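# Examination of the molecular architecture
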Amino acid sequence: MQDKKLKGLIVVAILFIITLFFYKDVIFLKDKLLSHFECDIYNGVFSADYLIFGAGANGKINLWNPYIFLGEPLINHPTNALFYPLNIIFFLFPLHLAINYSFFLNTLLSGIAIYLYIRYLGKDCFSSLVGAIIFMFCAIPLLHSYAGHLQTLQTLPWLPLL
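What comes next is a walk through the structure. Worth saying up front: this structure is predicted, and the values here are computed from it rather than measured.

Our next topic: the overall build of the chain. Counting its regular elements, the chain contains eight helices and two strands. Overall, the chain shows an N-to-C arrangement of helices and strands of α-α-α-β-β-α-α-α-α-α. Expressed as a percentage of the 162 residues in the chain, the buried residues total 40%. Sequence separation of at least 24 residues holds for 61% of the intrachain contacts in the chain that already meet a minimum separation of 6. Accessible surface computed for the chain: about 9600 Å², of which carbon and sulfur atoms make up 71%.

Moving on: the nonpolar core. Counting residues in each nonpolar core, the largest one holds 15 residues, and the members touching the most others are Tyr23, Ile27, Phe90, Ile99, Tyr101 and Phe103. The greatest single-element share of this core, amounting to seven residues, is contributed by helix 5 (residues 95-120).

Here we come to a nonpolar patch on the surface. A contiguous nonpolar patch, built from Ile61, Leu63, Ile75 and Phe83 and spanning about 400 Å² of accessible area, is present on the exposed surface. On the accessibility criterion, Phe83 (64% relative accessible area) is exposed.

Put simply, helix 1 (residues 2-22) and helix 5 touch, their axes get as near as 10 Å, and they point 145° apart. Taken as a pair, helix 1 and helix 5 cross one another with a handedness that is right-handed. Of helix 5, the residues touching helix 1 (which contributes Val11, Val12, Leu15, Phe16, Thr19 and Leu20) are Phe104, Thr107, Leu108, Gly111, Ile112 and Tyr115. Across the contact of helix 1 with helix 5, the residue classes tally to nine nonpolar, three polar and no charged.

This next bit is on the packing of aromatic side chains. Scanning all chains against the criterion turns up five aromatic pairs. On the numbers, 5.6 Å between centres and 80° between planes, the contact of Phe16 with Phe104 is edge-to-face. With a gap of 88 residues between them, Phe16 in helix 1 and Phe104 in helix 5 connect regions that are remote in the sequence. Since its relative accessible area comes to 10%, Phe104 is described here as buried. Consider the rings of Phe22 and Phe137, whose centres lie 4.9 Å apart with planes at 50°: the pair is tilted. Taken together, the residues Phe22 in helix 1 and Phe137 in the loop between helix 6 (125-136) and helix 7 (139-147) connect sequence positions 115 residues apart. On the accessibility criterion, Phe22 (41% relative accessible area) is partly exposed. Through pairs of rings, three or more aromatic residues link up here, namely Phe16, Phe22, Tyr23, Phe104 and Phe137. Against the face of Phe21 rests Lys24, its NZ or CZ located 4.5 Å from the ring centre.

Turning our attention to helix 5. Compared with an ideal rise of 1.5 Å per residue, which puts 26 residues at 38 Å, helix 5 spans 36 Å between its outermost C-alpha atoms and is within 8% of the ideal. Burial within helix 5 is extensive, with 19 of its 26 residues counted as buried. In the stretch just after helix 5, Gly122 is the one whose phi turns positive, near 100°.

The subject of this paragraph is the packing of helix 5 against helix 6. Running from N to C, helix 5 and helix 6 cross one another at 145°; their axes reach a closest spacing of 8 Å. At the point where helix 5 passes helix 6, the crossing takes the right-handed sense. Only Cys125, Ser128, Leu129, Gly131, Ala132, Phe135 and Met136 of helix 6 make contact with helix 5, whose side of the interface consists of Thr107, Leu108, Ser110, Gly111, Ile114, Tyr115, Ile118 and Arg119.

The rules we used
- Residues numbered from 1 in each chain as written.
- Predicted model: local features only at pLDDT ≥ 70, side-chain atom pairs only at ≥ 80, totals over all residues.
- Heavy atoms only, no water.
- Helix = DSSP H or I, 4+ residues; strand = E, 2+ residues; numbered from the N terminus.
- Buried < 20%, exposed > 50% of the residue type's maximum accessible area, 1.4 Å probe, protein only.
- Contact = heavy atoms within 4.5 Å.
- Areas by Shrake-Rupley, 256 points an atom, 1.4 Å probe, with all protein chains shown as cover.
- Core = buried A, V, L, I, M, F, W, Y, C linked by side-chain atoms within 4.5 Å.
- Patch = residues over 30% accessible without salt bridge, like charges linked within 9 Å, V, L, I, M, F, W, Y side chains within 5 Å.
- Salt bridge = Lys/Arg side-chain N within 4 Å of Asp/Glu carboxyl O.
- Axes fitted to C-alpha atoms, helices over the stretch in contact; angles between N-to-C directions.
- Left-handed = near helix turned anticlockwise from the far one by under 90°.
- Nonpolar A, V, L, I, M, F, W, Y, C, P; charged D, E, K, R; others polar.
- Phe/Tyr/Trp six-rings, centres within 6.5 Å; stacked < 30°, edge-to-face > 60°.
- Lys NZ or Arg CZ within 6 Å of the ring centre and 35° of its normal.
- Expected span 1.5 Å × (residues − 1).

It is worth stressing that arrangement in space is one thing and function is another; only the former is reported here.
Shown next as structure tokens:
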């Protein structure tokens, strides 16, 4: 039993180090945002998240966006994910850092989840680790990260757990 727990902790540490190495530029350099300037994170997500979470840093949450037509509700907008549990980091860090940390955290959690799923299927530890690394850095999360599709990346950790 102790051996299984130790292997699991070592795998999580390996996945953490690989993910940290991959995202090192946006984690340690505090002035970068992980995405291209003309992509969705800048054009839509950043401004909506700033309305919600920027005000949340001051102790309140905006539920209405007055800047689109005559206004629209923010609480049910699909790009905001106000009630996603891991978005608590948006209240703890500045917005650009919280977005970067969210990319990092969701990539790491998707690797851990797929590792657990492959282990559930009965494969050995090494095969599960390789499968997790492949899933973490395959085209889907990488291209969605570059495009700024944070919401898509936030769903990936939960798919293997269904």
